[in-house]
There are 2 protein chains.
Amino acid sequence: MPLIVEKYGGTSVGTTERIHAVADRVTRAHQAGEDLVVVVSAMAGETNRLLDLARAIDPKADAREIDVLVSTGEQVTIALLTMALHNRQIEARSYTGGQVRILTDNVHGKARILDIDADSVRADIAQRNVVVIAGFQGVDESGNITTLGRGGSDTTAVAMAAALQADECRIYTDVDGVYTADPAIVPEARRLDHITVEEMLELSSLGAKVLQTRSVEFAGKYKVPLRVVSSFEDGPGTLITHEVKDMEQPLIAGIAYNRNEAKLTIRGIPDQPGVASKIFGRISQAHLNVDMIIQNVAQDDTTDLTFTVNRSEYADARKILDSVAVDLGAREVAGDDQLAKISVVGVGMRSHAGIATTMFEAMATEGINIELISTSEIKISIGVADRYVELAVRALHKAFGLEVNTTEESLDSAIAVQAAQTDR
Amino acid sequence: MPLIVEKYGGTSVGTTERIHAVADRVTRAHQAGEDLVVVVSAMAGETNRLLDLARAIDPKADAREIDVLVSTGEQVTIALLTMALHNRQIEARSYTGGQVRILTDNVHGKARILDIDADSVRADIAQRNVVVIAGFQGVDESGNITTLGRGGSDTTAVAMAAALQADECRIYTDVDGVYTADPAIVPEARRLDHITVEEMLELSSLGAKVLQTRSVEFAGKYKVPLRVVSSFEDGPGTLITHEVKDMEQPLIAGIAYNRNEAKLTIRGIPDQPGVASKIFGRISQAHLNVDMIIQNVAQDDTTDLTFTVNRSEYADARKILDSVAVDLGAREVAGDDQLAKISVVGVGMRSHAGIATTMFEAMATEGINIELISTSEIKISIGVADRYVELAVRALHKAFGLEVNTTEESLDSAIAVQAAQTDR
């Protein structure tokens, strides 16, 4: 019998009615012959309610106690869903993260899974019991409750699927799959039938909030077949694949954006070894996360360095950079906290030089100034002023012809068309 | 340093403000040099909120899953109180029942504590950490979450005090001690400075809801010095003692009542061996709890039998009795579901025959008909019509002179006075 790990997020279990609906869906799958492990999040709003309580006690509450507190959210859901399954004559059993035992390190609030002892879960499955597991949580070696951080339920599901060698891990969510772009911005955006792990990773890390980055990494590492489906309507969703099938693979999977960016530039730095490490050493000591880094070609024995940080960390980063600039004898520091990052992602671009050209020309046509460029093997990201986001994403979606199911071949012509237009 | 186990109930931790107040109190005790283990209940209303969710899913939900659900209530409180202590620069650490490890049997919803492994708690105390423990919960041998039933947090506190050989177990509650009678009925009711375990047991089982019966049994068995104190005002409360100090010991500790009683009588039963077991066998098969049983002296080879049950079980018991009466060839079945039980409790009465007389005469003076009498070594209970409860309790409080601190000596004269009055 196929073993399926399903995961339902907070919205899907947000009310007792919705928990009943999830129980109906699980019951149908069980009756259709599937063995099921169901991972659930806290009911929507519950985690925030608990965090509000913590804030009323101490805004700087200890991470260990925060974990003790918020882990109750998922514990409530597993009990309720298991009751709903019993109510449908389905044998079911709930497990907290600690009961499974999902062993993590002891970094409270963003723990990493080290090992899963799935013996009891396997024994339950062998008896055709449905197993309901609290997502997002585990225990460290001393038995302290840990959490994996927001969205960690996806990681729990994928990790359970890997530990159990499940046939598929289905992430039920409030969207019906992964799209070529945010449908709120691009009405023509199209659901992808499949996408590679690498593409999904780039999209996740760029802020497409369908799946948590870590869960996709996990799926990639352990080759877990992962599918994103809607918990509100039936449909095939999007399958995250591990093998690239040549001709069917679209050149570009999609376009992602992230509005919460800021850029900082330090100009006229003496072009000497060790300069970059001095700058980023100070930045990382302050626990600030740097995203893109661009160093310009040196002129007159000095160089310019630009990097981006999350908008909320802009002020802190700026303060550090001002001080570092003095130490290094740099000329000046400049910055802009109204930056957005837009990325075109696709494994097919590895072998296609035309992608960047098409991207930059689409921006030029719309009169959008590109402030930053950064590329990886399967991604090209640009920084533009925040106010251009919608315009830029729509223009790129059109330029790459994503509204139709483009294969390499068809996209080659689309790029050719673009190139021809801009050649004029 | 004295080791104190404190327990705060749901009302005492009902809001974040009240949790702050508890943290203040714990901080003062800690700074005064006490080592502290604090057991807490769920915030008032939380357990009912969770049970309402369960009811919306399945009114006949599985007991194991109910325990998974409701145990989150205390888990929230331990996290919040520990945060509040950190906020006051007190080193503190929270433990769920499973983390301590409080081992119970697997009777979900009313599990019994089998063993406590308090090693980690001891290690924390040795470092002057305050330990905050979730009341009401434990784990069975397989790691399933269990609960001790409503009011079980008292039991957790007393069991922890026994396991740690604490110097005192203080139960903080919304009353400032144990009274000679319900102050709502008897304005002159007086707080007792101390009461024996046996008396407290009788009072608890009779419905004086200050302490859960099981926690008092535990305190008696393990000789835990137990004190009931108010969490809203300072005061000595009532100490539950294990030794009777002769002269200072009052003859009567207090007067308890329970309104939810019903009586059933089966008349004209053939007076043969095995009759009682036939009747009560059937009653207990139906899981009905019988309280008082009185068998009258046989007349004409037949006997009458009367017993009391909880009012909510009256109809079921009556149905069974009607059927048993036919089988036994008994004459008739009668019943009354508007009965109340009033009890006079005191270890001192062991050696005093006058107590019953004083009690019955006080009822006669008020024109209250006694429908049932049952006695134990330290208690005399009577059944009266429900509408007489207030009048009867007040009359007894006065008859035994409980408004003043009566010792054996002074009460002897009080009884003498009563006897003299009724002799007239």
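1. A short note on the sheet that holds strand S1 (residues 3-8) of chain B
All names here are of chain B.
Then comes step 1: Reading across the sheet, the eight strands line up as S3-S6-S2-S1-S9-S11-S12-S10 and stay open at both edges, with mixed pairing between neighbours. The strands lining the two open edges of the sheet, one partner per strand, are strand S3 (92-95) and strand S10 (194-196). Across this sheet, the average inter-strand angle for adjacent strands is 20°, counted without regard to direction.
Then comes step 2: Relative to the sheet, helix H5 (residues 119-126) contacts S1, strand S2 (35-40), S3 and strand S6 (130-134), its axis offset from that of S6 by approximately 150°.

2. A word on the domain arrangement of chain A
Then comes step 1: Once the domains are mapped, chain A shows domain 1 (3-174) and domain 2 (245-424).
Then comes step 2: Summarising the inter-unit geometry, the C-alpha centres of domain 1 of chain A and domain 2 of chain A are found 37 Å apart.

3. Quick word on the relation of the copies chain B and chain A
Then comes step 1: With an RMSD of 0.3 Å, the operation that places chain B on chain A is a rotation of 179° combined with a shift of 0.2 Å along the axis. On this basis, the relationship between the two copies can be described by a two-fold rotation axis. If distances are taken from each C-alpha of chain B to the rotation axis, the shortest is found for threonine 72 of chain B, at 2.5 Å.
Then comes step 2: Interface residue correspondence from chain B to chain A reaches 100%, placing this contact among same-surface, isologous pairings.

4. Some words on the sheet that holds strand S17 (residues 372-376) of chain A
The pairing of strands in a sheet happens through backbone hydrogen bonds and is either parallel or antiparallel.
All names here are of chain A.
Then comes step 1: The strand order S14-S15-S13-S16-S18-S17 describes an open sheet built from six strands, whose pairing is antiparallel. A strand with exactly one partner marks an edge of an open sheet, and here the two such strands are strand S14 (290-295) and S17. For this sheet, the mean angle separating the axes of adjacent strands, direction not counted, is 30°.
Then comes step 2: Two strands pair when backbone bridges link them, and strand S13 (residues 254-270) and strand S15 (residues 302-310) are joined in this way by eight bridges, in the antiparallel orientation. Within S15, the residue paired with alanine 262 across the bridge is valine 309.
Then comes step 3: Contacts between helix H9 (residues 275-285) and the sheet are confined to S13, S14 and S15, with S13 contributing the most and set at about 125° to the helix.

5. Here's the deal with the interface of chain B and chain A
Then comes step 1: At the junction of the two partners, chain B supplies 27 residues and chain A supplies 27 residues.
Then comes step 2: Of all elements in the fold, only helix H1 (16-31), helix H2 (46-57) and helix H3 (63-87) of chain B reach the threshold of two or more residues within the side of chain B that touches chain A.
Then comes step 3: The dominant element in the side of chain B that touches chain A, judged by the number of residues it contributes, is H3 of chain B, at 14 residues.

6. Digging into the environment of proline 2 of chain B
All names here are of chain B.
Then comes step 1: Following the sequence through the fold, proline 2 ends up in the segment before S1.
Then comes step 2: Taking C-alpha positions, proline 2 is 52 Å from glutamine 295, a pair spaced 293 residues apart along the chain.
Then comes step 3: Excluding residues within four positions of it along the chain, proline 2 makes contact with Glu34, Asp35 and Asp167.

7. Some details on the packing of helix H11 (residues 354-365) of chain A against helix H12 (residues 389-399) of chain A
All names here are of chain A.
Then comes step 1: Where H11 meets H12, the axes come as close as 9 Å, and the angle between the chain directions of the two elements is 130°. It follows that H11 is oblique to H12 by the angle criterion. Remark: the crossing between H11 and H12 carries right-handed chirality. Between H11 and H12, the residues in contact are Thr358, Met359, Ala362 and Met363 and Ala392, Ala395, Leu396 and Ala399, respectively.
Then comes step 2: Looking at side-chain class alone, the contact of H11 with H12 contains seven nonpolar, one polar and no charged residues.

Scoring rules and cut-offs
Note that residues are indexed from 1 along each chain, following the sequence as it is written. Going through the entries in the order they are written, you letter the chains from A and number the ligands from 1. A pLDDT threshold of at least 70 governs which residues receive local features in this predicted model, and a stricter bar of 80 or more applies before side-chain atom pairs are shown or counted, although totals over entire chains, interfaces and linings include all residues. Whether two strands pair comes down to DSSP finding at least two bridges between them. For helices the rule is a DSSP run of H or I covering at least 4 residues; for strands it is a run of E covering at least 2, with both sets numbered from the N terminus onward. Axis angles are defined between N-to-C directions and span 0 to 180 degrees, where every axis is a line fitted to C-alpha atoms and, for a helix, only to the segment in contact. This entry defines residue contacts through backbone-placed C-beta atoms, with two residues in contact when those atoms are within 7 Å. Throughout, the edges of the domains are those of an automatic or database domain assignment. In superposing the copies, a least-squares fit is computed on C-alpha atoms, taking residues whose pLDDT is at least 70 in both. An angle counts as roughly parallel when it lies under 35 degrees, as roughly antiparallel when it exceeds 145, as roughly perpendicular when it falls between 65 and 115, and as oblique in every other case. By convention the crossing between two helices is left-handed if the near helix lies anticlockwise of the far one by an angle smaller than a right angle, and right-handed if it lies clockwise. Residues are grouped as follows: nonpolar covers Ala, Val, Leu, Ile, Met, Phe, Trp, Tyr, Cys and Pro; charged covers Asp, Glu, Lys and Arg; every other residue, Gly included, is treated as polar.

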